[in-house]
Amino acid sequence: MAKKLNPDWKIPEHVAIIMDGNGRWAKKRLMPRNYGHIQGAKTVEEICEVAYNMGIQYLTVYAFSTENWKRAEDEVAGIMRLLRRYLEEALQDMEKNRVCFRFFGDLSKLSPDLQKLCRDAERRSEDYDVQVNFCLNYGGRDEIVRAARAFAMDVAEGKYKSEDLTEELLSKYLYSADVPDPELIIRPSGEMRTSNFLLWQSAYSEYVFMN
Ligand code: FPP
């Protein structure tokens, strides 16, 4: 059951989380890294529920970066398996949970079945209000480069002139086009870096680094 919240609390509209420390968490317990990711995925579910109950409108989760492909093959395969299972379950419970799914990142590198699960989840949940954005094969620089390229294409096609470009217009070419910037970004694990996460959107965000 949802706890009653203190009415004086100012609840952010958008919270973003850098998932980190799964490997170290598992190592401390003498378990394989993938066990850490399994627990990490469970934690994401718990966070989604708490965020929903707190009235947070947007939650963005950095689940797999453009750099994460460099990890050991079996670790990447394990993370992809987890994502598949997570999305299959999310699709089954879609009408019950009523959460809108969005994916930020270049999904074309994911396996075709995973891409389909992402697209199905987006399509079937598009009318729901509370939104969870999963960053998959996501990089902040890559996102800005793609946006710049898409704008350049529109200029080439005569839709815009180069001088039409403003911060507001560039924002519309990002994965986060219609999502407000996060007020709060949380990174567990003790690392105090942004690691290419929401570079554009985090210009005014507050960071909380946790151990
Ligand atoms: C960072 O911890 C975590 C990842 C690179 C992968 C996280 C992805 C999942 C748990 C997959 C499932 C996700 C969802 C949303 C269902 P790390 O391995 O960098 O930890 P370390 O820094 O301690 O090594």
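Presented here is a report on the structure given in the accompanying data block. Just so it is clear, the structure is predicted and the values come from calculations on it, not from any experiment.

Turning our eyes to something else, we now look at the side chain of serine 125. One can find serine 125 in helix α5 (residues 112–125). For serine 125, a relative accessible area of 0% translates into the label buried. Among residues more than four places away in sequence, those in contact with serine 125 are Met94, Val99, Cys100 and Phe101.

Now for the site of the ligand. The local shell around the ligand holds 17 residues, among which Asp20, Gly23, Arg24, Arg33 and Arg71 are the closest. Contact between the ligand and aspartate 20: an oxygen atom at 3.1 Å from a side-chain N or O atom of the residue. In the complex, 93% of the free accessible area of the ligand, which totals 620 Å², lies under the protein chains. Among the detected pockets, the ligand sits in the largest pocket. With 4 residues, the top contributor of residues to the shell around the ligand is helix α2 (residues 33–54). Partitioned by chemical class, the residues of the shell around the ligand number 8 nonpolar, 5 polar and 4 charged.

Once that is clear, we can look at empty space enclosed by the protein. Any empty space left between the atoms is revealed when a probe the size of a water molecule rolls over them. Throughout the structure, instances matching the rule amount to 1 cavity of 30 Å³ or more. Of the pockets and cavities examined, the largest cavity occupies roughly 50 Å³. Cys48, Ala51, Tyr52, Ile56, Gln57, Tyr58, Leu59, Val99, Val130, Gln131 and Val132 are the residues that line the largest cavity. Broken down by secondary-structure element, the contributors of at least two residues to the lining of the largest cavity are α2, β2 (58–65) and β4 (131–138). Looking at which element gives the most residues to the lining of the largest cavity, the answer is α2, with 3 residues. Looking at the lining of the largest cavity residue by residue, the classes come out as 9 nonpolar, 2 polar and no charged.

Closest axis-to-axis distance for the α2/helix α3 (residues 73–92) pair is 10 Å, and the angle between their directions is 30°. As summarised for this structure, α2 and α3 are arranged roughly parallel, according to the angle between their axes. Judged by the twist between their axes, the crossing of α2 over α3 is right-handed. Of the residues in α3, those in contact with Arg33, Asn34, His37, Ile38, Ala41, Val44, Glu45 and Cys48 of α2 are Asp74, Glu75, Gly78, Ile79, Leu82, Tyr86 and Glu89. Class assignment of the residues belonging to the contact of α2 with α3 gives a composition of 7 nonpolar, 3 polar and 5 charged.

Taken in spatial order, the 6 strands line up as β3-β4-β2-β1-β5-β6 in an open sheet, and their pairing is parallel. Two strands lie at the open edges of the sheet, namely β3 (100–104) and β6 (206–209), each paired on one side alone. Across the sheet, the mean angle separating the axes of adjacent strands is 20° when strand polarity is ignored. Sheet topology places strand β1 (residues 14–18) next to strand β5 (residues 184–187); 3 bridges connect them, and they run parallel. Each bridged residue has a counterpart across the sheet, and for valine 15 the counterpart in β5 is leucine 184.

Below, the discussion takes up the pattern of salt bridges. Inspection of every chain in the model, using the stated rule, returns 15 salt bridges. Several salt bridges share partner residues, and in doing so they unite Asp20, Arg24, Arg187, Glu191 and Arg193 into one network.

Approximately 620 Å³ is the volume found for the largest pocket. Along the walls of the largest pocket sit 26 residues, with Met19, Asn22, Tyr62, Ala63 and Asn68 positioned nearest its centre. Elements with a minimum of two residues in the lining of the largest pocket: α1 (22–28), α2, β2 and α3. Top contributing element to the lining of the largest pocket by residue count: β2, with 5 residues. Considered class by class, the residues forming the lining of the largest pocket number 13 nonpolar, 7 polar and 6 charged. Lining the second largest pocket are 21 residues, with Asp20, Gly21, Asn22, Trp25 and Pro188 positioned closest to its centre. Mapped by element, the contributors of at least two residues to the lining of the second largest pocket are α1 and α2. Top contributing element to the lining of the second largest pocket by residue count: α2, with 6 residues. Here the lining of the second largest pocket is built from residues that sort into 9 nonpolar, 8 polar and 4 charged.

What counts as what
- Residues numbered from 1 in each chain as written.
- Predicted model: local features only at pLDDT ≥ 70, side-chain atom pairs only at ≥ 80, totals over all residues.
- Heavy atoms only, no water.
- Helix = DSSP H or I, 4+ residues; strand = E, 2+ residues; numbered from the N terminus.
- Buried < 20%, exposed > 50% of the residue type's maximum accessible area, 1.4 Å probe, protein only.
- Contact = heavy atoms within 4.5 Å.
- Near = heavy atom within 4 Å.
- Polar contact = N/O pair within 3.5 Å; in protein donor to acceptor, adjacent residues only side chain to side chain.
- Areas by Shrake-Rupley, 256 points an atom, 1.4 Å probe, with all protein chains shown as cover.
- 1 Å grid on protein atoms, 1.4 Å probe; cavity = no way out; pocket = protein on both sides within 12 Å on 5 of 7 lines; lining within 4 Å.
- Sits in = over half its atoms within 2 Å of the grid points.
- Nonpolar A, V, L, I, M, F, W, Y, C, P; charged D, E, K, R; others polar.
- Points joined across faces, edges and corners; volume = space filled by probe spheres on them.
- Axes fitted to C-alpha atoms, helices over the stretch in contact; angles between N-to-C directions.
- Parallel < 35°, antiparallel > 145°, perpendicular 65-115°, else oblique.
- Left-handed = near helix turned anticlockwise from the far one by under 90°.
- Pairing = 2+ DSSP bridges.
- Salt bridge = Lys/Arg side-chain N within 4 Å of Asp/Glu carboxyl O.

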